[in-house]
Amino acid sequence: MHNFSYARPRDIEAALRLAAQPGSQFIAGGTNLVDLMKGGVQMPGRLIDITRVTGLARIHELPQGGLRIGALATNADTAAHSLVRERYPLLSQAILAGASPQLRNMATTGGNLLQRTRCPFFYDIGFRECNKRNPGTGCAALGGFNRNHAILGTSEECIAVNPSDMSVALVALEAVVQIRSLRGVRQVPVAEFQRLPGDTPQHDTILGPGEMITAVDLPGNSLARHSHYLKVRDRASYAFALVSVAAALELEAGGVVKDARVVVGGVAHKPWRVAEARALLVGHHLELRSLEAVADAAVRGAQPRQDNAFKIPLMKRAVVRALSEASQAGRTGT
Ligand code: SF4
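Residues numbered from 1 in each chain as written. Predicted model: local features only at pLDDT ≥ 70, side-chain atom pairs only at ≥ 80, totals over all residues. Heavy atoms only, no water.

(A) Looking closely at the pairing of strand β7 (residues 184-189). Judged from the six bridges that link them, strand β6 (residues 176-181) and β7 form a sheet pairing that is antiparallel. Along β7, the bridge assignment pairs valine 176 with proline 189. Hairpin geometry of β6 and β7 is characterised by an intervening segment of two residues between the two adjacent antiparallel strands. (Pairing = 2+ DSSP bridges. Helix = DSSP H or I, 4+ residues; strand = E, 2+ residues; numbered from the N terminus.)

Now the structure itself:
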């Protein structure tokens, strides 16, 4: 049995002081961390329960436009919030595509961003080889069953995928993570918050020791109206994405694309931005030819392993369909 201490501070400053001590880890909904601790994958020396810290569960409008979602806002409350549903339906769709109602009632914004890969070799400590769990030991997934693993941005150290649906939508919406520590405050775009594995796959994000996510800010952009989140998975609910796509468009009155974002989930260690989408779509009507060009760009550089080559054609079809659905979303009111 692994012993750990437990603290439940009431304010951010107290939480940050505790977090500055080595071996500390924040816990909120616990929907991922408790499983990891039960399985012996993570063994923090001190748990800092931040669920009683005041002011972190609010969802409110920002003075300059946009919306701030507190780190402790539950996924259920965020998805159901009237301003999120009205202005950022992409985010509601993505959150509701993930987990189960019971989990969404517990899971928080901050925790969702920090959830760890569901690579089975990472969770099963019977496999010694896992660079993410035991740096320097190798990667059991490279020679093992890797149907669900990454095809983009991988390294020979790790081919795990990020499991978050919410993050894929947040990157498409160009959200920004608010981070606090005893050293001060910093803001990081969600697109830069999660990282590729490189030769240090033990680090999922850029969050440093003693840092806490306090909120996520959604800018008041107009990309959100014509948007769609498409998730392809093995069963209709309670399954992680094989491939998911967040598509967000700004359309002029005649249907010409004014701005576009396409982000793919389930294929990389972080939400995968299709940077070329903007150049390929802006200034044009949406036609099958241009959608297929975006799909081709999305899979450029893909490196499938023995069990997951199917993700390439699946991803291409999903990109085309998500963009088509997004173009119709504002017109149908969905
Ligand atoms: Fe570990 Fe990453 Fe390899 Fe999975 S893919 S076994 S998480 S190193």
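(B) Main features of the nonpolar core. Ranked by internal contacts, the top residues of the largest apolar core, which has 38 residues, are Tyr88, Leu90, Leu91, Leu113, Leu170 and Leu218. The set of elements that each furnish at least two residues to this core consists of β5 (67-70), α4 (82-87), α5 (89-96), α10 (165-172), β6, α11 (190-193), β8 (212-218) and β10 (243-251). For this core, the leading source of residues is α10, giving six residues. Discounting residues that sit within four places of it in the chain, leucine 218 has contacts with Gly66, Leu67, Ile69, Tyr88, Leu91, Leu170, Leu173 and Ala175. Within the second largest apolar cluster, 32 residues are counted, among which are Leu242, Val264, Leu314 and Val319. (Core = buried A, V, L, I, M, F, W, Y, C linked by side-chain atoms within 4.5 Å. Buried < 20%, exposed > 50% of the residue type's maximum accessible area, 1.4 Å probe, protein only. Contact = heavy atoms within 4.5 Å.)

(C) Summary view of helix α1 (residues 12-19). Those residues of α1 that sit buried are Ile12, Ala14, Ala15, Leu16 and Ala19. Residues of α1 that are buried sit in contact with β2 (24-27), β3 (46-49), β6 and β8.

(D) Inspection of the packing of aromatic side chains at higher detail. Applying the stated criterion across every chain yields a total of two aromatic pairs. Measuring from ring centre to ring centre gives 4.9 Å for phenylalanine 121 and phenylalanine 127, while their planes differ by 90°; the resulting arrangement is edge-to-face. We classify phenylalanine 127 as partly exposed; its relative accessible area is 36%. With a centroid separation of 5.4 Å and an interplanar angle of 85°, the aromatic rings of phenylalanine 122 and tyrosine 123 are classed as edge-to-face. (Phe/Tyr/Trp six-rings, centres within 6.5 Å; stacked < 30°, edge-to-face > 60°.)

(E) Structural view of α10. By the criterion of burial, α10 is predominantly enclosed, with eight of the eight residues buried. The complete set of buried residues in α10 reads Asp165, Met166, Ser167, Val168, Ala169, Leu170, Val171 and Ala172. Following α10 by one or two positions, glutamate 174 adopts a phi angle in the positive range, close to 60°.

(F) Local environment of unusual backbone geometry. The backbone of alanine 99 shows a phi angle near 55°, a positive value even though the residue is not glycine. In this structure, alanine 99 sits in the loop between α5 and α6 (101-106). In the Ramachandran plot, tyrosine 238 falls in the positive-phi region, its phi being about 55° despite a non-glycine side chain. Here tyrosine 238 shows up in the loop between β9 (226-232) and β10. Relative accessible area serves as the criterion here: at 46%, tyrosine 238 is assigned to the partly exposed category.

(G) Representation of the site of the ligand. Near the ligand, the surroundings consist of 14 residues, among which Cys119, Cys130, Cys139, Cys158 and Ile159 are the closest. Of all the secondary structure elements, the ones that give two or more residues to the shell around the ligand are α8 (120-123) and α9 (140-143). Residues that form the shell around the ligand fall into these classes: ten nonpolar, two polar and two charged. (Near = heavy atom within 4 Å. Nonpolar A, V, L, I, M, F, W, Y, C, P; charged D, E, K, R; others polar.)

(H) Focus on the sheet that holds strand β1 (residues 5-7). Reading across the sheet, the three strands line up as β1-β3-β2 and stay open at both edges, with parallel pairing between neighbours. Two strands bound the open sheet, and with one partner strand each, they are β1 and β2. Neighbour-to-neighbour, the strand axes of the sheet open up by a mean angle of 25°, direction not taken into account. For β1 and β3, the ladder comprises three bridges, and the chain directions are parallel. In the strand pairing of β3, alanine 7 is matched with isoleucine 48. Contacting β1, β2 and β3, α1 runs over the sheet at an angle of about 140° to β2. (Axes fitted to C-alpha atoms, helices over the stretch in contact; angles between N-to-C directions.)

(I) Expanded view of the pattern of salt bridges. This structure, assessed with the given rule, holds 16 salt bridges. In this structure, aspartate 234 engages arginine 147 in a salt bridge whose closest nitrogen and oxygen atoms are separated by 2.8 Å. Here aspartate 234, found in the loop between β9 and β10, pairs with arginine 147, found in the loop between α9 and α10; they are 87 residues apart in sequence, far enough to count as distant. Judged by its relative accessible area of 25%, arginine 147 falls in the partly exposed class. (Salt bridge = Lys/Arg side-chain N within 4 Å of Asp/Glu carboxyl O.)

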